[in-house]
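Inside the fold
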Amino acid sequence: MEEKNAIEELQFIRKVIEETKQNVMHNGKDYIFWGILVIVGMLLQYIFAINKNFFGFAWIWAILIPIGWIYSFINRRSQKIKHPSTYAGKIITSLWVSAGIIMTIIGFVGTASKIITPWAISPIICLIGGCGYFVTGTIVGSKWFKNISYGWWIGGVTMMFVVSNNQFLIMALVMFLFQTIPGIALYKKYRKQTAALS
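Here's a quick rundown of the structure. (Residues numbered from 1 in each chain as written. Predicted model: local features only at pLDDT ≥ 70, side-chain atom pairs only at ≥ 80, totals over all residues. Heavy atoms only, no water.)

Describing the overall build of the chain
The helix and strand inventory of the chain stands at seven helices and zero strands. Scanning the chain from its N terminus toward the C terminus, one meets helices and strands in the order α-α-α-α-α-α-α. Looking at the chain residue by residue over its 198 residues, the buried ones come to 36%. Considering only intrachain contacts with a sequence separation of at least 6, the fraction spanning at least 24 residues in the chain is 75%. (Helix = DSSP H or I, 4+ residues; strand = E, 2+ residues; numbered from the N terminus. Buried < 20%, exposed > 50% of the residue type's maximum accessible area, 1.4 Å probe, protein only. Contact = heavy atoms within 4.5 Å.)

Spelled out as structure tokens, the structure:
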């Protein structure tokens, strides 16, 4: 009897995993938008830094980060209307929202309080981003998405040893390779999924 219950439970878990793979739909736009936004911010920081124009990098991010949050909120709402959220989708959304809040706190409060040096922000953000990709990839059963986390972690560790303006360029490259390009891949997959449903 116990063996039969165990088999039924395993079948139920397998069914939930398969439904999650099919029903969790990312349009990829958040990944693309945030990727481009951070690349722009990093390149601006690099240009200002090499020209010794230290007017206050915080202003760059004080403008860009709220733009990103507003876009994500609007994109998430349009997604909910088109595709009702699954339980796994809610977990993924909660994961990325909480990661984003942590990154925002680190960037603004951490540096304002001087508990975190400006050179530590990008490496820490990479480590957090890697966790987001690892967990999301695990939930949706996507090995390639999960493996992106290693790129984030390698980028983060690399930047721990680059305490110079070159760190801005490395972070821009990480955002392009491990945020923007995966976002484009998700967007293409999303377009195929929605076309098949129509």
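Some words on the packing of aromatic side chains
The final tally for this structure, using the stated rule, is 13 aromatic pairs. Ring centres of Trp144 and Phe145 lie 5.5 Å apart, and the angle between their planes is 90°; on these two criteria the pair is classed as edge-to-face. Here Trp144 falls in the partly exposed class, since its relative accessible area comes to 41%. Through pairs of rings, three or more aromatic residues link up here, namely Tyr31, Trp96, Tyr133, Trp144, Phe145 and Trp152. (Phe/Tyr/Trp six-rings, centres within 6.5 Å; stacked < 30°, edge-to-face > 60°.)

Let's talk about unusual backbone geometry
Of note in the backbone geometry, Lys52 takes a positive phi value of approximately 55° without being a glycine. Looking at where Lys52 falls in the secondary structure, it is placed in the loop between helix H2 (29–50) and helix H3 (58–82). The exposure class of Lys52 is exposed, given its relative accessible area of 68%. The phi dihedral of Lys114 is positive, around 65°, even though this residue is not glycine.

Quick look at the packing of helix H4 (residues 87–112) against helix H5 (residues 118–140)
It is at 10 Å that the axes of H4 and H5 come closest, and there the two elements cross at 175°. As judged from the angle between their axes, H4 and H5 are roughly antiparallel. Every residue of H5 that contacts H4 at Ala88, Ile91, Ile92, Leu95, Trp96, Ala99, Ile102, Met103, Ile106, Gly107 and Thr111 is listed here: Pro118, Ile121, Ile124, Ile125, Ile128, Gly129, Gly132, Tyr133, Val135, Thr136, Ile139 and Val140. A breakdown of the residues in the contact of H4 with H5 according to their chemical character gives 18 nonpolar, five polar and no charged. (Axes fitted to C-alpha atoms, helices over the stretch in contact; angles between N-to-C directions. Parallel < 35°, antiparallel > 145°, perpendicular 65-115°, else oblique. Nonpolar A, V, L, I, M, F, W, Y, C, P; charged D, E, K, R; others polar.)

A closer look at the side chain of Asn75
Examined against the element boundaries, Asn75 turns out to sit in helix H3. A distance of 3.4 Å separates polar atoms of two side chains, one belonging to Asn75 and the other to Asp30. In this structure, Asn75 is in contact with Asn27, Lys29 and Asp30, ignoring residues within four places of it in sequence. (Polar contact = N/O pair within 3.5 Å; in protein donor to acceptor, adjacent residues only side chain to side chain.)

Things to note about the packing of H5 against helix H6 (residues 143–160)
As a packed pair, H5 and H6 sit with axes 7 Å apart at the nearest point and diverge in direction by 170°. Accordingly, the angle class assigned to the pair H5 and H6 is roughly antiparallel.

A look at the pattern of salt bridges
Scanning the entire structure with this criterion turns up one salt bridge. For Asp30, the salt bridge goes to Arg76, with nearest N and O atoms at 3.8 Å. In this pair, Asp30 is assigned in helix H2 and Arg76 in helix H3, connecting sequence segments 46 residues apart. (Salt bridge = Lys/Arg side-chain N within 4 Å of Asp/Glu carboxyl O.)

Concerning H5
Its 23 residues give H5 an end-to-end C-alpha distance of 34 Å, which sits within 8% of 33 Å, the value for a rise of 1.5 Å per residue. Note on H5: the residue one or two positions beyond its end, Gly141, has a positive phi of about 70°. (Expected span 1.5 Å × (residues − 1).)

A look at the environment of Gly130
Within the secondary structure layout, Gly130 lies in helix H5. In contact with Gly130, other than residues within four places in its own chain, are Ser149, Trp152 and Trp153.

So far we have only geometry, and geometry alone does not tell us how the molecule works.
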